[in-house]
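# Examining the three-dimensional arrangement
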Amino acid sequence: MAATTEGQDKVLATAQRIVRSLHNTSDTDDMLLILSAFDNRLSTLSSFVSSDDPSSGAEKSASSAVDPRFEAAEQIILNEANSSALTDDYLAAVDELIQATEELNLNYRDGELQAEAQATDARYDIRDRAENALQVAMMRLEDEFGHILIRNTVPLDPERLHRSFHYSSTATIAASDIFDDDVSESLDDVSSGRYSHRRRGRGMSFGGDDVSLDLIQQDAVIDLRQIADRMIQSGYEKECCQVYCSVRRDVLDECLVILGVEKLSIEEVQRVEWRLLDDKMKKWIQAVKIIVRMLLPSEKDLCEQIFVGSDLIKEVCFLETSKGSVMQLLNFGEAIAIGRRSSEKLFRILDMFDALAGVLPDLQSLFMDEEAGDMVCSEAKGVLDGLGEAAIGTFMEFENAVQTESSRKTLQNGEIHPLTRYVMNYVKLLVDYSDTLNALLENAEDELRRVEIGNIDNSEMKSMSLIGQRLLALMKSLESNLEEKSRMYEDTAMQYIFLMNNILYIVQKVKDSELQNLLGDNWIKKRRGQIRQYATQYLRASWSNALSCLKDVGIGIVGSSSNASKVALKERFKNFNACFEDIYRVQTAWKVPDPQLREELRISISEKVLPAYRAFVGRFGSHLESGRNAGKYIKYTPDELENYLLDLFEGTPLILHHMRRKST
């Protein structure tokens, strides 16, 4: 029985569809007569047709189906399509249109309809009108969204950014090539101190707790949120995101330009001359901190304020807006990491490493919710690793350069060599990066960590950090190089003056910095002992001949008036005078910059020479003073010699005249 009823229903439904397909009234009536004659139950179709047939009242039905609020909203949207500003009435009309379309259960993005909505042409007409009106409204909102973003963007104030955080600059190594043949000129800026260095802080400290920036005028944020809500609700989130990302990307690109970060390819970066590159690296360090810690968090806050209704859209818009600027910064970092390694770049590379390491947690926090964000963080970690490898590689280049530097030009006055000044200033600055270098060395491969130093106590090495061991080896290389350079002086005495000057300079630099903690007090004591040894060797090399003239051997018995004794005595005085005058002429030109060392050397000379001269003159002077031309042989009194010794090591060549210097 149930099957029979179901079959009857199917027949009735089929007949109903046939009647509906007939649009001509006479044809419909004829078909109703035919079907009624076939089965009396089909006579009920006439009442159905009378209520649904388009020709018998469809227009009236369709008209009554359209909500007057929909029609009013449609008119507002179409009439104000080109209006200059959004009004509350317009936004209310958009809301009414969205509500109406939701009630009709229309999908305006794909043009699909529910099955029951396909029944009449009237409903098709409503759908088309709704689609058209909604599209017009969304185009208008899209344009207005972009205009509001552009008009209300707060210009970036570089001065405010710089005031918002305190940035400590690092060393500027000014020499472009420290190891060419003319070392004294190529190291001039560094060795003379014409570079800047302030002890740097770790990371960036902001002035105040609140470092958020207003990127858009706050009044406009409300308008943007209202537009974004309606576009997302209507299925136009893609268009909304595209406009937002396009405008904000341009703003971030402009921020990079203001901060001095140019869009350069890796090849272009590697062709930049060092002094210009140094400036770009400094600006990059500053820009990384400002972009990641100030601008991007503010950008993310803006996304969260505008796209309140969708977490996904917030993340997508932030990622697409900020990814380009971050990648531009990372591309520059990569170019530096894979570029030619030279010693002057090390401090900037370490600064870049520290800057990127400092903001990496911020980047990971900002981009943690998207797969593409993971890509950005992974890229940043790769660049960070590359900068670390570049830093260690550059440091090793510096070590090798110190070991192999072989300039043949000697300093005429024997003072501090430019290599010594450069290396010690370089290393003194390097100590500020001990923590970073230790961490990099700990993670480096074994061959990079290995240090070979001859004649070094292993227990002393074990107590040192990795960077301490490397610096100890570097000091050893520098000392060995200086010993080689000292041999280029033909005058043995000048070799020791050169070594004293340079070793003392090294000791002073170590004592005046954190190097003392790394190398230890014992290292300093050994170098001071070396300086004393060099002083003793200097006295022996420089004054032995002069002192040998003041010995009694070969002169004869005291009181003898023989001509032979007088001749020998005259010869001794002549030889002493010649030795002293030659030493005076040469060694007044020598330079001992340290006043204490200079004074100690003069005292040592006086203690050796003056007592011997005074005793010799006291024993034998009377034998010549009674004769003719006595002043030709006894040319100087002990006091005059003592005064002349005060002229030594001043770096100004002087010549003694035969006349005695008047007392002052």
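Residues numbered from 1 in each chain as written. Predicted model: local features only at pLDDT ≥ 70, side-chain atom pairs only at ≥ 80, totals over all residues. Heavy atoms only, no water.

Attention shifts here to the packing of helix H19 (residues 434-443) against helix H22 (residues 466-486). Where H19 meets H22, the closest approach of the two axes is 8 Å, and the angle between their N-to-C directions is 100°. By the angle class used here, H19 and H22 are roughly perpendicular. Residues Ser434, Leu437, Asn438, Leu441 and Glu442 of H19 form the contact with H22, whose own contacting residues are Leu466, Ile467 and Arg470. (Axes fitted to C-alpha atoms, helices over the stretch in contact; angles between N-to-C directions. Helix = DSSP H or I, 4+ residues; strand = E, 2+ residues; numbered from the N terminus. Parallel < 35°, antiparallel > 145°, perpendicular 65-115°, else oblique. Contact = heavy atoms within 4.5 Å.)

The next thing to look at is helix H15 (residues 311-337). Spanning 27 residues, H15 covers 36 Å between terminal C-alpha atoms, matching the ideal 39 Å at 1.5 Å per step. Of all the bends in H15, the greatest measures close to 35° and is centred on Lys323. Along H15, 19 of the 27 residues are buried, which leaves the element largely enclosed by surrounding structure. (Expected span 1.5 Å × (residues − 1). Bend = angle between axes of the 7 residues up to and from the residue. Buried < 20%, exposed > 50% of the residue type's maximum accessible area, 1.4 Å probe, protein only.)

Let us now look at the confidence of the model for the chain. For the chain, per-residue confidence averages 80 on the pLDDT scale, and 72% of positions sit at 70 or higher. Across the chain, the element-wise mean pLDDT spans from 39 in helix H9 (residues 183-186) up to 96 in helix H23 (residues 492-511). This stretch, residues 106-120, has a pLDDT under 50; its non-local contacts, to residues over four places away or in other chains, come to 23 contacts. For the stretch residues 659-664, pLDDT sits under 50, and the model shows nine contacts to residues farther than four places along the chain or on other chains. (pLDDT = per-residue confidence, 0-100.)

With that settled, consider the nonpolar core. Residues Phe145, Tyr244, Phe307, Phe367, Leu471, Tyr538 and Trp543 are the most contacted members of the largest nonpolar core, which totals 178 residues. The contacts of Tyr538, once residues within four sequence positions are left out, are Ala493, Tyr496, Ile497, Met500, Trp543, Gln587, Trp590, Leu601, Ile605 and Phe649. (Core = buried A, V, L, I, M, F, W, Y, C linked by side-chain atoms within 4.5 Å.)

On to the environment of Ile583. Its place among the elements puts Ile583 in helix H26 (residues 563-587). Note on Ile583: relative accessible area 8%, which makes it buried. Note: C-alpha distance between Ile583 and Leu645 (62 residues apart in sequence) is 9.9 Å. If near-sequence neighbours (up to four positions away) are discounted, Ile583 is found in contact with Ser542, Trp543, Thr588 and Leu648.

With that settled, consider helix H12 (residues 237-258). Taking 1.5 Å of rise per residue, the 22 residues of H12 would be expected to cover 32 Å, and the 31 Å separating its terminal C-alpha atoms lies within 8% of that figure. Every buried residue of H12 is accounted for by Glu239, Cys240, Cys241, Val243, Tyr244, Cys245, Val247, Arg248, Val251, Leu252, Cys255 and Leu256.

Per the counting criterion, the structure on display carries zero disulfides. Its sulfur unpaired, Cys240 is 5.8 Å from the next cysteine sulfur, which belongs to Cys241. The closest cysteine sulfur to the non-disulfide-bonded Cys579 is located on Cys549, 4.6 Å from its own sulfur. (Disulfide = S-S within 2.5 Å.)

Looking at the secondary structure, you find Lys314 in helix H15. A polar contact of 3.2 Å, which involves the side chain of Lys314, links it to the side chain of Asp311. Excluding residues that lie within four positions of it along the chain, Lys314 makes contacts with Cys303, Glu304, Phe307 and Val308. (Polar contact = N/O pair within 3.5 Å; in protein donor to acceptor, adjacent residues only side chain to side chain.)

Here we come to the side chain of Arg598. Mapped onto the elements of the fold, Arg598 is located in helix H27 (residues 595-620). A relative accessible area of 15% places Arg598 in the buried class. Residues within four places of Arg598 in sequence aside, it is in contact with Val592, Pro593, Leu648, Phe649 and Glu650.

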